[in-house]
Amino acid sequence: MANAPIEQKVKAATSATFVVSLLIAVLNTVAADDSLLQPLPAWVQALVLALAPAGLTFLSGWAAAHTPRGPRVES
């Protein structure tokens, strides 16, 4: 099991989380203030920042195809 290939769903979800988190970090650095989400109340800003990576992770994992597996060997 340790040498099993990583499923495409896991790769897609991990990549999406990394990209969205990186995008949020870059936008935060470029804006350097709350101007990007300023029209929103503080509690909504916190939800958006927390749920954006999680939402994209879910969607990319759901959309990616399963990695095909060989026949199950019973011992």
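Rules used in this analysis
- Residues numbered from 1 in each chain as written.
- Predicted model: local features only at pLDDT ≥ 70, side-chain atom pairs only at ≥ 80, totals over all residues.
- Heavy atoms only, no water.
- Helix = DSSP H or I, 4+ residues; strand = E, 2+ residues; numbered from the N terminus.
- Buried < 20%, exposed > 50% of the residue type's maximum accessible area, 1.4 Å probe, protein only.
- Contact = heavy atoms within 4.5 Å.
- Expected span 1.5 Å × (residues − 1).
- Bend = angle between axes of the 7 residues up to and from the residue.
- Patch = residues over 30% accessible without salt bridge, like charges linked within 9 Å, V, L, I, M, F, W, Y side chains within 5 Å.
- Areas by Shrake-Rupley, 256 points an atom, 1.4 Å probe, with all protein chains shown as cover.
- Salt bridge = Lys/Arg side-chain N within 4 Å of Asp/Glu carboxyl O.

Caption draft 1: Representation of the overall build of the protein. Looking only at helices and strands, the protein has two helices and zero strands in total. Taken across its 75 residues, the protein has 16% of its residues classed as buried. Across the protein, every contact between residues at least 6 apart in sequence was considered, and the portion connecting residues at least 24 apart equals 82%.

Caption draft 2: Spotlight on helix 2 (residues 42–63). Over its 22 residues, helix 2 runs 32 Å from end to end, which matches the ideal 32 Å to within 8%, given 1.5 Å per residue. L51 marks the point of greatest bend in helix 2, at about 35°, and the proline P53 comes within the next four residues. Here helix 2 has its buried residues at V44, Q45, P53, S60 and G61.

Caption draft 3: Expanded view of the environment of T14. By secondary structure assignment, the location of T14 is in helix 1 (residues 8–31). Sequence separation between T14 and S60 is 46 residues; the distance between their C-alpha atoms is 8.8 Å.

Caption draft 4: Spatial organisation of the side chain of K9. Secondary-structure assignment places K9 in helix 1. Overall, the relative accessible area of 18% leaves K9 in the buried class. Sequence-distant contacts of K9, defined by excluding residues within four places in its chain, comprise G61, W62, A64, A65 and H66.

Caption draft 5: Broad picture of a nonpolar patch on the surface. There is a patch of nonpolar side chains on the surface, built from F18, V19, L22, V26 and V30 and spanning about 490 Å² of accessible area. Considering the arrangement of structural elements, one finds F18 in helix 1. For F18, a relative accessible area of 54% puts it in the exposed group.

Caption draft 6: Highlighting the environment of L56. Relative to the elements of secondary structure, L56 occurs in helix 2. Taking the C-alpha atoms as reference points, L56 and A13, 43 residues apart in sequence, are found 7.6 Å from one another.

Caption draft 7: Region of interest: the environment of A64. Mapped onto the fold, A64 is located in the segment after helix 2. A residue is classified by how much of its surface remains accessible, and A64, at 16% relative accessible area, is buried. Through-space distance from the C-alpha of A64 to that of A12 is 6.6 Å; in sequence the pair is 52 residues apart. Setting aside residues no more than four positions away along its own chain, A64 makes contact with Q8, K9 and A12.

Interpretation in functional terms is not warranted from these geometric data alone.
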